[in-house]
Each structure stands twice: as C-alpha cells, then as structure tokens.
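# Observations on the three-dimensional arrangement
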Amino acid sequence: ENELFTSLTAARNYVESLKLRPLLMLEDEAMKDFEGIQTEDPNSVVVGLSPSNFHYKRLNEAFNLLKNRASLIAINKSRYIKTDDGLSIGTGAFVSTLEFASDKKAHVIGKPSKDFFHLALKELDPKLQPHEALMVGDDVRDDVLGAQQAGLIGALVKTGKYLL
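Reference entry: report on the structure contained in this document. Each chain carries its own residue numbering, running from 1 in the written order of its sequence. Predicted model: local features are reported for residues with pLDDT of at least 70 only, side-chain atom pairs are reported and counted for 80 or more only, and whole-chain, interface and lining totals are derived from all residues. As a rule here, side-chain values cover all heavy atoms of the structure and leave hydrogens and water aside.

### Focus on the overall build of the protein
Heads up, the condition is: Helix and strand definitions here come from DSSP, where helices need a minimum of 4 consecutive H or I residues and strands a minimum of 2 consecutive E residues; each element is numbered from the N-terminal end. Between the two quantities, the radius of gyration covers C-alpha atoms and the globule rule is 2.2 Å times the number of residues to the power 0.38. Three labels apply to residues, based on accessible area from a 1.4 Å probe with only protein chains included: buried if under 20% of the type maximum, exposed if over 50%, partly exposed otherwise in between. Throughout, a residue-residue contact means that at least one pair of heavy atoms, one from each residue, lies within 4.5 Å. Only the protein chains shown count as cover for residues, with accessible areas throughout obtained via the Shrake-Rupley method and a probe of 1.4 Å. In this charge count, Lys and Arg are treated as positive and Asp and Glu as negative; neither His nor the chain ends contribute. By convention, the charge on Lys lies at NZ, on Arg at CZ, on Asp at CG and on Glu at CD.
When you go through the protein residue by residue, the secondary structure sums to six helices and eight strands. Going from the N terminus to the C terminus, the protein shows its helices and strands as α-β-α-β-α-β-β-β-α-β-α-β-α-β. In terms of overall size, the protein behaves like a compact globule, its C-alpha atoms giving a radius of gyration of 16 Å where 164 residues would be expected to give roughly 15 Å. With respect to the three principal axes, the spread of C-alpha positions in the protein is 45 × 35 × 30 Å. Taken over 164 residues, the protein has a buried fraction of 40%. A sequence separation of at least 24 residues applies to 52% of the contacts in the protein between residues at least 6 apart. Here the protein displays about 9900 Å² of accessible surface, and carbon together with sulfur accounts for 52% of that area. Charged side chains in the protein number 20 positive and 23 negative. The centres of these two groups are separated by 7 Å.

### Considering helix 6 (residues 140-149)
One turn of the α-helix equals 3.6 residues, which is why residues spaced by three or four share an orientation. As a reminder of what qualifies: Comment: arc refers to directions from the helix axis out to C-beta atoms. Counted as a polar contact is a pair of N or O atoms within 3.5 Å, where, for protein atoms, one must be capable of donating a hydrogen and the other of accepting one, and residues adjacent in sequence contribute only when both atoms are in side chains.
Along helix 6, the residues that are buried comprise Asp-142, Asp-143, Val-144, Gly-146 and Ala-147. For helix 6, the angular spread of the buried residues around the axis is 165°, confining them to a single face. Taking the backbone nitrogen of Arg-141 as reference, a side-chain oxygen 2.9 Å away marks Asp-139 as the first, capping residue of helix 6. In the segment just after helix 6, Gly-151 is the residue with positive phi, at about 95°.

Rendered as structure tokens:
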C-alpha cells in the first residue's frame, strides 16, 4: 500500500503543505487518507469521487465556503468512470459545477495534471526523468494525453472503461 502514489496521496500532501482545513467531499474509504487532518472551520474544499456527497445541500455547503474565500481542490477532473452498472459521471462534472457557481478555478491534484505525474515520478525515483517513464492507462484524455503532456510516454490499454 505504501508503494502506491495516488491522487489522494498527492492531495493530502498538498493540504498538509499549505496547512489547510478542508471540507472533504470524499467517500468513507478515501477519508482514511486524510486521517489526522484538521477539518474544523474549513478554509478549503477537497472534491473527490463521492456520489454520497453530490447532492444539493452538500454542494451548496461547499459553494458557500468557496464564496467566503475557501480554496477549491480537485482530486481529479475525470469526465466519467466505469462502475458495475456501466459508465457513471466522474468528479469533473461536480468540480466544474462548483467552479462555475463560485467563479473559482480548482487546483487539480490528480490526472491529468502535469504536477501529479511529476510528483509520482519523484516518489518512485528522484533521478527518474519523465521521458524515461511509461504510463499505461485506459483513458485517452486523463491517462495517456496527461502523461504525454507531462513528458512521459503514454500507452492506452483497451480494458476498463475504454471498452464501453
């Protein structure tokens, strides 16, 4: 588990480095990545894939924080994901909703952010250069193009959500 560098890892590191107190819009399984982070009196909003949080009351809570100077942090801006029921709306639609309503731009932590790929390489091997790494994924935009824009080699596999 400690060998994985995920967008949640990057988001936690970002929140800690700025000493933010986020409103966490995350599912319970992702909350463990933020254990020990102070969340009282939030001064930021962290949005990840969280269907149970994507309802009017919770989005409005986030919106009001953003209008009162909180920063917006997106775990990612995925358009859609693959679930057991087929394709489902991804985090990006909800991040875009908050961006539009609050007139704030989100700081995107995960894919397809260049910073995410560079941070992952640094965690893997500080001497590793982007052109020496291969990123394999099932999403042309977020995985392959994101990696290529960060200087990595990107390869598409026709599994996962690619098939749908």
